[in-house]
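A structural walkthrough
The primary structure of each chain is shown beneath.
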Amino acid sequence: MPAAPGGPRLLLRRLREAMAEPVSPQARLDRIVTLIAANVVAEVCSVYVLSDDNTLELFATEGLNREAVHLTRMRADEGLVGLIAQTAEPLSLSDAQSHPSFSYRPETGEEAYHAFLGVPLLRAGNTLGVLVVQNKTYRVYSEEEIEALQTTAMVLSEMIASGELQALAPGAGSAARRAVSQRGVALADGIGLGHVVLHEPRIVVKRLIAENLDREVERLEQAIGEVRSAIDDLVERGDSIGTGESREVLETVRMFAHDKGWLRRMREAVQSGLTAEAAVERVQSDNRARMMRQSDPYLRDRLHDLDDLANRLLRTLIGHEGNGDRVLPENAILVARSMGPAALLDYDRTALRGVVLEEGGPTSHIAIVARALGIPAVGEIANATALCDAGDAIIVDGATGEIQVRPGPEIEAAYGEMVRVRAKRQEQYRALRDLPAVTRDGVAIGLQLNAGLLIDLTHLAETGADGIGLFRTELQFMVAQRMPSAAEQQTLYEAVFTATGDLPVTIRTLDIGGDKILPYMPALEEENPALGWRAIRIGLDRPALLRVQLRALLRAAGGRPLKIMFPMVATVDEFTRAKAIVEREKAHLRRHGHPLPSDCKLGVMVEVPSLLFQIDEIARAADFLSVGSNDLMQFLFAVDRENRRVAGRFDTLSVPALRAFRLIAERAAAAGCPATVCGEIGGKPLEAMALIGLGFRHLSMSPAAIGPVKAMVLALDAAAIAAVIDAEMARAGDGATLRPALSAFAKAHGVPI
Ligand code: PEP
Ligand code: MG
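Every value quoted in this text rests on a predicted model; they were computed, and no experiment measured them.

Thresholds applied
Throughout, residues of each chain are indexed from 1 in the direction in which the sequence is written. Here every chain gets a letter starting at A, and every ligand a number starting at 1, in the order they are written. Local features in this predicted model are restricted to residues of pLDDT 70 or higher, and side-chain atom pairs are both shown and tallied only at a pLDDT of 80 or more, whereas totals for entire chains, interfaces and linings draw on every residue. Side-chain descriptors were evaluated using all non-hydrogen atoms of the structure, hydrogens and water having been removed beforehand. Only DSSP runs of H or I with at least four residues qualify as helices, and only runs of E with at least two residues qualify as strands; both kinds are numbered from the N terminus onward. To sort residues, take the accessible area from a 1.4 Å probe on protein chains only and compare it with the maximum for the residue type: under 20% means buried, over 50% means exposed, and anything in between is partly exposed. In this analysis, two residues are considered to be in contact whenever any of their non-hydrogen atoms come within 4.5 Å of each other. Every accessible area reported is derived by Shrake-Rupley at a probe size of 1.4 Å, with residue values counting cover from the shown protein chains alone. For the purpose of charge, His is not counted, nor are the chain termini; Lys and Arg are scored as positive and Asp and Glu as negative. Where a charge lies is defined by one atom per residue type, namely NZ (Lys), CZ (Arg), CG (Asp) and CD (Glu). Where each domain begins and ends follows an automated or database-derived domain assignment. Here the quantity called buried area is the accessible surface, traced with a 1.4 Å probe, that two parts lose on coming together, added over both. Throughout, near means a residue has at least one heavy atom within 4 Å of the molecule or strand. Definition of a polar contact: a pair of N or O atoms within 3.5 Å, with one able to donate and the other able to accept a hydrogen when the atoms are protein atoms, and with sequence-neighbouring residues admitted only if both atoms are side-chain atoms. All amino acids are sorted into three groups, where Ala, Val, Leu, Ile, Met, Phe, Trp, Tyr, Cys and Pro are nonpolar, Asp, Glu, Lys and Arg are charged, and the leftover types, Gly among them, are polar. Viewed with both strands pointing away, a crossover whose connecting path from the first strand over the helix to the second turns clockwise is right-handed. If DSSP finds at least two bridges between two strands, the strands pair. With water excluded from the atoms, a metal site may look incomplete; its donors are any N, O or S atoms within 2.8 Å, or within 3.2 Å for Na, K and Ca. A score from 0 to 100, pLDDT tells how confident the predictor is in each residue. For helices, the fitted line uses only the C-alpha atoms of the stretch in contact; every axis is such a line through C-alpha atoms, and the angle between N-to-C directions lies from 0 to 180 degrees. The pocket and cavity definitions rest on a 1 Å grid over protein atoms only: a 1.4 Å probe that fits but cannot leave marks a cavity, an open set with protein on both sides within 12 Å along at least five of seven lines marks a pocket, and residues lining either have an atom within 4 Å of a point. Grid points are joined across faces, edges and corners, and a volume is the space filled by probe spheres set on the points. Relative orientations are named as follows: roughly parallel for angles under 35 degrees, roughly antiparallel for angles over 145 degrees, roughly perpendicular for angles from 65 to 115 degrees, and oblique for any other angle. Here is the rule for handedness: rotate from the far helix to the near one, and if that takes an anticlockwise turn smaller than a right angle the crossing is left-handed, while a clockwise turn gives right-handed.

Along the backbone of the chain there are 26 helices and 22 strands. Taken over the C-alpha atoms alone, the chain extends approximately 95 × 60 × 45 Å along its principal axes. Here the chain, with 753 residues, has 53% of them falling under the buried criterion. Within the chain, contacts between residues separated by at least 24 positions form 68% of all contacts whose residues are at least 6 apart in sequence. In the structure as shown, the chain presents an accessible area of about 32200 Å², 52% of it carried by carbon and sulfur atoms. One way to put it: in the chain the 83 positive side-chain charges average out to a point 4 Å from where the 98 negative ones average out.

Residue V41 is not a glycine yet carries a positive backbone phi of 50°. The exposure class of V41 is partly exposed, given its relative accessible area of 27%. If you check the backbone angles, H70 has positive phi at about 65° while not being a glycine. Among the secondary structure elements, H70 is positioned in the loop between β2 (55-62) and β3 (73-75).

Attention now moves to the domain arrangement of the chain. Each assigned domain of the chain is listed here: domain 1 (7-176), domain 2 (180-201 + 323-416), domain 3 (213-318) and domain 4 (447-606). On a C-alpha basis, the centroid separation for the pair domain 1 and domain 2 is 35 Å. Taken together, the 4 residues of domain 1 in the interface contact 5 residues of domain 2. Taken together, the two surfaces of domain 1 and domain 2 that pack against each other cover about 310 Å², and 24% of this comes from carbon and sulfur.

Moving on to the site of ligand 1. Near ligand 1 you find 14 residues, and of these R472, R508, K516, N630 and R641 are the closest. In this structure, an oxygen atom belonging to ligand 1 sits 3.0 Å away from a side-chain N or O atom of E607. Bound to the protein, ligand 1 loses 98% of the 290 Å² it would expose on its own. For the shell around ligand 1, the elements supplying multiple residues, two or more each, are β16 (468-472) and α21 (629-636). Broken down by element, the shell around ligand 1 gets its largest block of residues, 3 residues, from α21. For the shell around ligand 1, the per-class residue count stands at 3 nonpolar, 4 polar and 7 charged.

Below, the discussion takes up the pairing of β16. Along β16, 5 of the 5 residues are buried, which leaves the element largely enclosed by surrounding structure. Considered for its hand, the β-α-β crossover made up of strand β15 (residues 446-451), helix α14 (residues 458-463) and β16 is right-handed. Sheet analysis places β16 next to strand β17 (residues 505-508), joined by 3 bridges and oriented parallel. Pairing of I468 across the sheet is with V505, part of β17.

On to the coordination of the magnesium ion (ligand 2). For the magnesium ion (ligand 2), the full set of protein donor atoms is E607 (OE) and D631 (OD), and the range of their distances to it is 2.1 Å. Taken as a pair, E607 in the loop between β19 (600-606) and α20 (615-621) and D631 in helix α21 lie far apart in primary sequence, 24 residues in all. For the pair formed by E607 and D631, the shared burial category is buried.

This brings us to helix α3 (residues 79-87). For α3, the full list of buried residues reads G79, L80, V81, G82, I84 and A85. A88 sits one or two residues past α3 and shows a positive phi near 60°.

The next point concerns the confidence of the model for the chain. On average, the chain scores 88 in pLDDT, and the residues at 70 or more come to 94%. In the predicted structure, residues 321-325 sits below a pLDDT of 50 and forms 5 contacts with residues beyond four places in sequence or in another chain.

Read across the sheet, 8 strands follow the order β7-β14-β13-β9-β10-β11-β12-β8 without closing on themselves; strand pairing throughout is mixed. With partners counted over all chains shown, the strands left at the sheet margins are β7 (180-183) and β8 (185-188), one partner each. Shown here is a sheet whose adjacent strand axes are inclined to one another by a mean of 30°, direction ignored. Both strand β13 (residues 393-397) and strand β14 (residues 402-405) contribute to a ladder of 4 bridges, which runs antiparallel. Bridge pairing links I395 to Q404 in β14.

Moving on, we come to empty space enclosed by the protein. Scanning the model with the defined rule gives 7 cavities of 30 Å³ or more in all. Of the pockets and cavities examined, the largest cavity occupies roughly 170 Å³. Elements that contribute at least two residues to the lining of the largest cavity include exactly α8 (276-293) and α9 (297-318). Of the residues in the lining of the largest cavity, the class split is 5 nonpolar, 3 polar and 5 charged. For the lining of the largest cavity, the two domains that each supply at least three residues are domain 1 (7-176) and domain 3 (213-318).

Our focus in this paragraph is the packing of α21 against helix α22 (residues 655-670). Where α21 meets α22, the closest approach of the two axes is 11 Å, and the angle between their N-to-C directions is 130°. As summarised for this structure, α21 and α22 are arranged oblique, according to the angle between their axes. In terms of crossing hand, the pair formed by α21 and α22 is right-handed. For the pair formed by α21 and α22, the contact residues are S629, L632, M633 and L636 on the first element and P656, A657, A660, F661 and I664 on the second.

In this section: the packing of helix α23 (residues 685-694) against helix α24 (residues 703-715). Where α23 meets α24, the closest approach of the two axes is 9 Å, and the angle between their N-to-C directions is 45°. Here α23 lies oblique to α24, going by the angle between them. Both α23 and α24 take part in a crossing whose hand is right-handed. The segment α23 lies against α24, with P685, A688, M689 and I692 engaging P708, V709, M712 and V713. Of the residues contributing to the contact of α23 with α24, the split by class is 8 nonpolar, no polar and no charged.

Here's what the structure looks like:
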């Protein structure tokens, strides 16, 4: 095998000169392929660029027929070049023509060549094209040659991404800029059109080719040393406070920071002539490409960790330019790997039109906050931060969980229309705002809001809701950096009462534990956190926490009525004990001369199925009941509310679920105890219609649901739906769902659902 004259370092030097020459982009590309061919002693060197119509086009060649340039185009899954584009991995063959994917293009004159080496042109893990060298002989390319070609490919990728080659193929955009549509999970409803703002701006490596190799080696080693000791410090301190990273993650990251293979690849990339930061990026890009194609979630997470580490290294090498003041341009769509609720609240909300996350499930805290803010949000978009550049046009569809990056004019027009239709519907709902929610046969239905942050309360006036049916106090704790003090809690509750005025508000005591983790409280290792130490269980075992909260509430409500309810109560005795704590706090305040609430009602969330079998007792003991259908259904059917794999296994409108709801409605009414439903089902028109049929007269829901539910109520005959439910429940067996029968009823009676 002939030795490469000069090796990769010399090639990179020559490429640097070629990049600096004041020539046309095509002339530069032609020069580059000639230089590469000479350097690796290949008869052929060609560059194929992936365009936005998903074809690979020959952009330059040394050795093949020059006439084929810009004429030879193939599908992105065609031939060996297509295979490389698809797998994003190098392919080295001593006899290309015997490979099953080989596709013969007569115009190129390719038949004379046997040996073939192709590498993907990658940027941030995305394939932009393919670089190929070929030889007439049946030669085997060495590991070093493959590595050198990958390094060279990086320079070409930057050239493509910079847009310099755009002019060479008029009409077709490069794949780096093509429209991308991706589906994740819907986190917060709504449609947002705007431009990308990266929450953590990507670090752009501008200097690719080393001028002084020894200096670059030194810089890389120093950066690795710094990152390692920073991680060691974090692990040794052993606290998750302030870093947000659990020890386990840090241990993994530390392991990677010492990973020999990873370090070797970066050192080799520097040795081949790249700057330290370009070497990190070069290895990171391969890793990203692997991450995007990895279907095993565990391995994908590990590759994510490695990506994080590369980012730390880059930041150490070229500094981090954060977006500091969190000021946003108009119509901003935030794109982030992950983001905490507090970070989201730091942004200027008036300019924010949407959020896109690589992580984040529907019940994540950021999703709850995005919903509260009314900002469309989508999660689980793989590689979102690499898919788009700052300033790119983007659409977030929080209803379907889709995003459109750099959408074409038709897509943009279609979404624009959708936004107009939605706005019109909202206008119709607004017109219902001041109408009382009364059914056609005169049954009044109380429609209240679920809230958790002060900003939620602005929706009261907007929607015309009758009050707050569920105020989730844990949200204040979840978005805080540290445990809110008694005074801070009291200030929040005072603000809530001021904002709600004369309207009733039901405050729920802290519902933490399970999936609601406070960043500043040590996380418990529990096998089944949903069934673990949470909510009222913590409150009763650590009464200090509950007492502080109750005192803050009682003080804040001084002189006005107060409604408090307790989450996750499983026995009447738990409620009795909670009540006793309230009485003690009241006595304490009375002793100290503080005004007490004018009326203090204590209620219970019905969300643990054991209460169904103490329903008469709990209805007699409590001043009111509120059905937490999210948890009640989770525990009744033993179906994790967060687990998408099992989410579709039962229906909330099936007979067993409806029997549970009916039992609560009937027994509460018999005991003279008001009962509300505050879980998600209360906000869905069809389900809400069924609940009214079962006897519920109060529903609490998210702000966006008030309009649709009110429209349903106004068109409904409560006696008719009750009769239909009775008849259908008597008829249905096998745990069957009443959904089709209820939908048919709504359709036949013109009830909008
Ligand atoms: C419920 O469980 O239905 C409920 C309203 O409470 P959360 O969703 O906060 O658990
Ligand atoms: Mg609950």
